[in-house]
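Residue-level structural notes
Residue-level listing of the chains:
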Amino acid sequence: MPDAHNKKILIVGLFPPPYSSGERVITQYVNDLLAPIYDVTAINMSIGILAPPSFKLSSISYYFKTLINFIFVFKKVYFLTRNHQYSLCYLTPSSSSLGHLRDAIIVKLLNKNVKSLVINIQNGNYDVVFKRGWHSQLTMAYIKRITTAIFTSEILKKRCIDDFGEDKCAIIRNSVDDKVTCTHEEVATAMSIKNESDNFIICYSIVCYK
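Residues numbered from 1 in each chain as written. Predicted model: local features only at pLDDT ≥ 70, side-chain atom pairs only at ≥ 80, totals over all residues. Heavy atoms only, no water.

Looking now at the overall build of the protein. Broken down by element type, the protein carries six helices and six strands. Start at the N end of the protein and walk to the C end: the helices and strands fall as β-α-β-α-β-α-β-α-β-α-β-α. Buried positions account for 36% of the 210 residues belonging to the protein. Of the contacts made within the protein by residues no fewer than 6 positions apart, 72% connect residues no fewer than 24 positions apart. Element-wise, carbon and sulfur atoms account for 59% of the exposed surface of the protein, whose accessible area totals about 13,600 Å². (Helix = DSSP H or I, 4+ residues; strand = E, 2+ residues; numbered from the N terminus. Buried < 20%, exposed > 50% of the residue type's maximum accessible area, 1.4 Å probe, protein only. Contact = heavy atoms within 4.5 Å. Areas by Shrake-Rupley, 256 points an atom, 1.4 Å probe, with all protein chains shown as cover.)

Quick look at the structure:
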């Protein structure tokens, strides 16, 4: 059996910071999970900003940085996949027009040195990318190149199954780590305390951006 460390995996996606969405967190999680076992190369598509600012000049700067970053990512994907053989490429795709065009170009740049392509779809409206006619040729090549499309639920899968086909679709449901899951005893204790108390606790979270 070949050593897993000899297998190369290419991960292309948005990495935190900023910690903004499941897409970024899951990409980082996949990287951390695979890195100790495989030879992983990660390409970060993030420019460190979530969305274009409302201020016009700042917005122009945002799109300029995005364009430069796209070119950098394209060059890196092109040269890496021509100088190395990868067992798998993992991509977190976007449902926006610009994002899908970027993803389709990245997939187009993958050559035969990349054996499999797995995409992990996090967007509930991802099926809309297949309804935009202006990039239909790139999209068709994109769908053909994909080995597996991962969805987090049956509903998301059904929205895209006509485009991908049943054989390319897989479901891996979101889960919670055992370290943060309460035991039965902890739940029973918490319920007992709640029943005996006249007070209640409001729990809320604050999202911080860097």
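So, about the environment of D162. If you trace the backbone, D162 turns up in helix α5 (residues 154–164). Once the C-alpha coordinates of D162 and D127 are considered, the two residues, 35 residues apart in sequence, prove to be 9.6 Å apart.

Residue P17 is bonded to the preceding P16 through a cis peptide linkage, with omega at 0 degrees. Looking at the element boundaries, P17 is found in the loop between β1 (8–13) and α1 (22–34).

Let us look at the packing of aromatic side chains. The tally for this structure, following the rule as stated, stands at six aromatic pairs. Measuring from centroid to centroid gives 5.2 Å for Y78 and F79, while their planes differ by 90 degrees, and the two rings are edge-to-face. Judged by relative accessible area, Y78 falls into the partly exposed class, the value being 37%. Seen in terms of ring centroids, F151 and F164 are 6.3 Å apart; in terms of plane orientation they differ by 65 degrees. Their pairing is edge-to-face. A residue pair is termed long-range when its members are at least 10 positions apart, and F151 in strand β5 (residues 148–151) and F164 in helix α5 qualify at 13 residues. A residue is classified by how much of its surface remains accessible, and F164, at 5% relative accessible area, is buried. Taken together, the aromatic side chains of Y126, F130, F151 and F164 make up a single cluster linked through ring pairs. (Phe/Tyr/Trp six-rings, centres within 6.5 Å; stacked < 30°, edge-to-face > 60°.)

Among all positions of helix α4 (residues 136–145), only T139, Y142 and I143 are buried. The arc that holds the buried residues of α4, viewed along the axis, is 95 degrees, so those residues lie on one side. Across from the buried face of α4, at angles greater than 90 degrees, the exposed residues are Q137, M140 and K144. Looking at the buried residues of α4, the elements they touch are β3 (86–91), α3 (97–109), β4 (114–120) and α5. (Arc of directions from axis to C-beta.)

Let us look at the nonpolar core. V12, I119, Y142 and F164 are the most contacted members of the largest nonpolar core, which totals 35 residues. Considering each element in turn, this core owes the most residues, five residues, to helix α2 (residues 56–83). Setting aside residues up to four positions removed in sequence, I119 forms contacts with L91, P93, Y142, I146, T148, A149, I150 and F164. Core analysis: the second largest hydrophobic core is formed by eight residues, I9, I11, F15 and I150 among them. (Core = buried A, V, L, I, M, F, W, Y, C linked by side-chain atoms within 4.5 Å.)

The next subject is the pattern of salt bridges. Applying the stated criterion across every chain yields a total of four salt bridges. The partner of R102 in a salt bridge is D103, with the nearest N and O atoms 2.9 Å apart. For R102, a relative accessible area of 8% puts it in the buried group. With a relative accessible area of 0%, D103 lands in the buried category. Across the pair K131 and D127 runs a salt bridge whose closest N-O atoms are separated by 3.2 Å. (Salt bridge = Lys/Arg side-chain N within 4 Å of Asp/Glu carboxyl O.)

Examined against the element boundaries, S46 turns out to sit in the loop between β2 (39–44) and α2. At a separation of 3.1 Å, a polar atom in the side chain of S46 contacts the side chain of R24. Apart from residues lying up to four places away in sequence, S46 is in contact with G13, L14, F15, P17, P18, R24 and N69. (Polar contact = N/O pair within 3.5 Å; in protein donor to acceptor, adjacent residues only side chain to side chain.)

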